[in-house]
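The chain contents come next:
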Amino acid sequence: QVQVVESGGGLVQPGGSLRLSCAASGNIFRIYTMGWYRRAPGQQRELVATITTGDSTNYADSVKGRFAISRDNAKNMVFLQMNSLKPEDTAVYYCNVGGVAVPGFLRFDSWGQGTQVTVSS
């Protein structure tokens, strides 16, 4: 079983910055893709950013140039640096981790419980 825990959310003024962290733990053999998604009130969950083992990144158009995803493979962690935040960035942010677990080398796709980010003056 693989657990995923996010941290770092909060209230920030427009134009401000926040850094989200996500840690995966458990019977992990290898992690492949790590990513951040968000769900705004009344909206469906949407992709924010993903990063592969080889540090290839993908961003939603709405956050390009403002957000940066990175990972620490040794610690099974992924981060999301969010700059120039806008009110429309307000959402619950979820971490997603995909990889292979032991025993059995079974694929897993785990989600955290989410962390609230509110951008408001």
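Please read these numbers as outputs of a predicted model, since none were measured by experiment. (Residues numbered from 1 in each chain as written. Predicted model: local features only at pLDDT ≥ 70, side-chain atom pairs only at ≥ 80, totals over all residues. Heavy atoms only, no water.)

Visitor: Please clarify how the overall build of the chain should be interpreted in this entry.
Guide: Looking only at helices and strands, one finds 0 helices and 11 strands in the chain. Helices and strands in the chain line up, N terminus first, as β-β-β-β-β-β-β-β-β-β-β. The C-alpha radius of gyration computed for the chain amounts to 14 Å, which stays within 12% of the reference 14 Å derived for 121 residues, consistent with globular compactness. By residue count, 43% of the 121 residues in the chain fall in the buried class. Sequence-distant contacts, at least 24 apart, represent 56% of the contacts inside the chain between residues at least 6 apart. Working note: accessible area of the chain is about 6,400 Å², and carbon and sulfur atoms make up 47% of it. (Helix = DSSP H or I, 4+ residues; strand = E, 2+ residues; numbered from the N terminus. Rg over C-alpha atoms; globule rule 2.2 N^0.38 Å. Buried < 20%, exposed > 50% of the residue type's maximum accessible area, 1.4 Å probe, protein only. Contact = heavy atoms within 4.5 Å. Areas by Shrake-Rupley, 256 points an atom, 1.4 Å probe, with all protein chains shown as cover.)

Visitor: Even after reading the chapter, I still don't get the pairing of strand S8 (residues 77-82), so can you show me in this structure?
Guide: Summarising burial for S8: 5 of the 6 residues are buried, a large majority. Here strand S3 (residues 18-26) pairs with S8 via 6 bridges, running antiparallel. By the bridge assignment for S8, alanine 23 is matched with methionine 77. Taken together, the 6 bridges between strand S7 (residues 67-72) and S8 define a ladder with antiparallel strand orientation. Considered in S8, the bridge of alanine 68 is made with glutamine 81. (Pairing = 2+ DSSP bridges.)

Visitor: Sorry, what's going on with the state of the cysteines here?
Guide: Note on terminology: a disulfide is the covalent bond linking the sulfur atoms of two cysteines. This structure, assessed with the given rule, holds 1 disulfide. Between the sulfur atoms of cysteine 22 and its disulfide mate cysteine 95 the distance is 2.0 Å. Disulfide cysteine 22-cysteine 95: torsion about the S-S bond near -80 degrees, hence left-handed. Separated by 73 residues along the polypeptide, cysteine 22 in strand S3 and cysteine 95 in strand S9 (residues 91-101) bring together distant segments of the chain. Each member of the pair, cysteine 22 as well as cysteine 95, carries the same accessibility label: buried. (Disulfide = S-S within 2.5 Å.)

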